[in-house]
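What follows is the residue order along each chain.
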Amino acid sequence: DAEITQSPRHKITETGRQVTLACHQTWNHNNMFWYRQDLGHGLRLIHYSYGVQDTNKGEVSDGYSVSRSNTEDLPLTLESAASSQTSVYFCASSESGALETQYFGPGTRLLVL
Amino acid sequence: AQKVTQAQTEISVVEKEDVTLDCVYETRDTTYYLFWYKQPPSGELVFLIRRNSFDEQNEISGRYSWNFQKSTSSFNFTITASQVVDSAVYFCALSEGDYGGSQGNLIFGKGTKLSVKP
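These numbers come from a predicted model, not from an experiment. (Residues numbered from 1 in each chain as written. Chains lettered and ligands numbered in written order. Predicted model: local features only at pLDDT ≥ 70, side-chain atom pairs only at ≥ 80, totals over all residues. Heavy atoms only, no water.)

Trainee: Got a minute to help me understand the overall build of chain B in this structure?
Mentor: Across its full length, chain B carries zero helices and twelve strands. Ordering the α and β elements of chain B from the N terminus gives β-β-β-β-β-β-β-β-β-β-β-β. Relative to the 2.2 N^0.38 estimate, which gives 13 Å for 118 residues, the radius of gyration of chain B is 14 Å and therefore close to what a compact globule would have. Dimensions of chain B, computed from the C-alpha atoms along their principal axes, are close to 45 × 30 × 20 Å. Relative to its full complement of 118 residues, chain B shows a buried share of 47%. Put simply, of all contacts in chain B between residues at least 6 apart along the chain, 56% involve residues at least 24 apart. Roughly 5700 Å² of accessible area belongs to chain B as shown, and the carbon and sulfur atoms make up 48% of that amount. (Helix = DSSP H or I, 4+ residues; strand = E, 2+ residues; numbered from the N terminus. Rg over C-alpha atoms; globule rule 2.2 N^0.38 Å. Buried < 20%, exposed > 50% of the residue type's maximum accessible area, 1.4 Å probe, protein only. Contact = heavy atoms within 4.5 Å. Areas by Shrake-Rupley, 256 points an atom, 1.4 Å probe, with all protein chains shown as cover.)

Shown next as structure tokens:
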């Protein structure tokens, strides 16, 4: 069955380190998204991509970057991890075009010490 | 600016009670979609329903029903005869159309935590 996976599921890192969170989907969806979930804020969009080589900043993109070299993967990189980036990160994908349903991965819990 | 408000932060009910979760949205788009997602204690986000801005018919799926009213910019979610397994955080979300070039991006409300006690 087609699916969307995230790895690692849990990560502990230290302030200042570079961290990369992986997202892989097998639906062949062109659209992919990264969100972070924090208490009191719901889910907020970090970065998104509408296809290979396309990346765009979302609401809370500072300190994060993404790259899209193929359809299946959208890795999220924290350039220099900060304690404020402790959060649960969700990846999502959807078919091309506006207004399509987004399907979410299982999430990655990141703790920055 | 687009915005989604879920005024109820937490709701607690006893099993078999009916419960309605409120969602109010703001948008300048004429074409948009509204969504509900469920996040059980295990943490994953589960898609429940999508409704487009041109379809105001209510939807029923088993014990779940949704009431979409453009006149009040609301998309409320009712669970009939609630069960313990319905305990979760429920998110309402709005998807923009082509306005501003951010097609399909979801704007989430902050969620309503529903606790159903036996």
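Trainee: Where do I start with the side chain of Gln37(A) in this structure?
Mentor: Positionally, Gln37(A) belongs in strand β4 (residues 31-38). According to the relative accessible area criterion, Gln37(A) is buried, its value standing at 15%. Residues contacting Gln37(A), with those up to four places away along its chain left out, are Gly42(A), Leu43(A), Ser87(A), Val88(A), Phe90(A), Gln39(B) and Phe91(B).

Trainee: Which parts of the structure should I look at to understand the nonpolar core?
Mentor: For soluble globular proteins, the rule of thumb is that nonpolar side chains tend to be buried together. In this structure, Trp36(B), Phe77(B), Tyr90(B) and Leu114(B) are the most contacted members of the largest nonpolar core, which totals 23 residues. Counting residues per element, the ones that place at least two in this core are β2 (10-14), β3 (19-21), β5 (33-39), β8 (64-69), β9 (74-79), β10 (88-95) and β12 (112-117) of chain B. A total of four residues in this core trace back to one element, the largest contributor, which is β10(B). Counting residues in each nonpolar core, the second largest holds 18 residues, with Val19(A), Leu21(A), Val66(A) and Leu76(A) among its members. (Core = buried A, V, L, I, M, F, W, Y, C linked by side-chain atoms within 4.5 Å.)

Trainee: Looking at this structure, how should I read the sheet that holds strand β1 (residues 4-7) of chain A?
Mentor: Sheets are built from strands paired through backbone hydrogen bonds, the pairs being either parallel or antiparallel. All names here are of chain A. Within the open sheet, the four strands sit side by side as β1-β3-β8-β7. Their pairing is antiparallel. In this open sheet, the two edge strands, each paired with only one partner strand, are β1 and β7 (64-66). Each neighbouring strand pair of the sheet contributes to a mean axis angle of 20°, computed without reference to strand direction. Inspection of the sheet shows β1 paired to strand β3 (residues 19-25) by four bridges, in the antiparallel sense. Within the sheet, the bridge partner assigned to Ser7 lies in β3 and is Ala22. (Pairing = 2+ DSSP bridges. Axes fitted to C-alpha atoms, helices over the stretch in contact; angles between N-to-C directions.)

Trainee: Even after reading the chapter, I still don't get the pattern of salt bridges, so can you show me in this structure?
Mentor: Opposite charge on two side chains allows them to pair when their charged atoms are near. Scanning the entire structure with this criterion turns up six salt bridges over all chains. For Asp86(B), the salt bridge goes to Arg63(B), with nearest N and O atoms at 2.8 Å. Of this pair, Asp86(B) sits in the loop between β9 and β10 while Arg63(B) sits in the loop between β7 (59-61) and β8, and the two are 23 residues apart along the sequence. Residue Asp86(B) is classed as buried on the basis of its relative accessible area, which comes to 1%. Three or more residues joined by partner-sharing salt bridges are found here, namely Arg36(A), Asp38(A) and Arg44(A). (Salt bridge = Lys/Arg side-chain N within 4 Å of Asp/Glu carboxyl O.)

On their own, these measurements won't tell you what the molecule is for.
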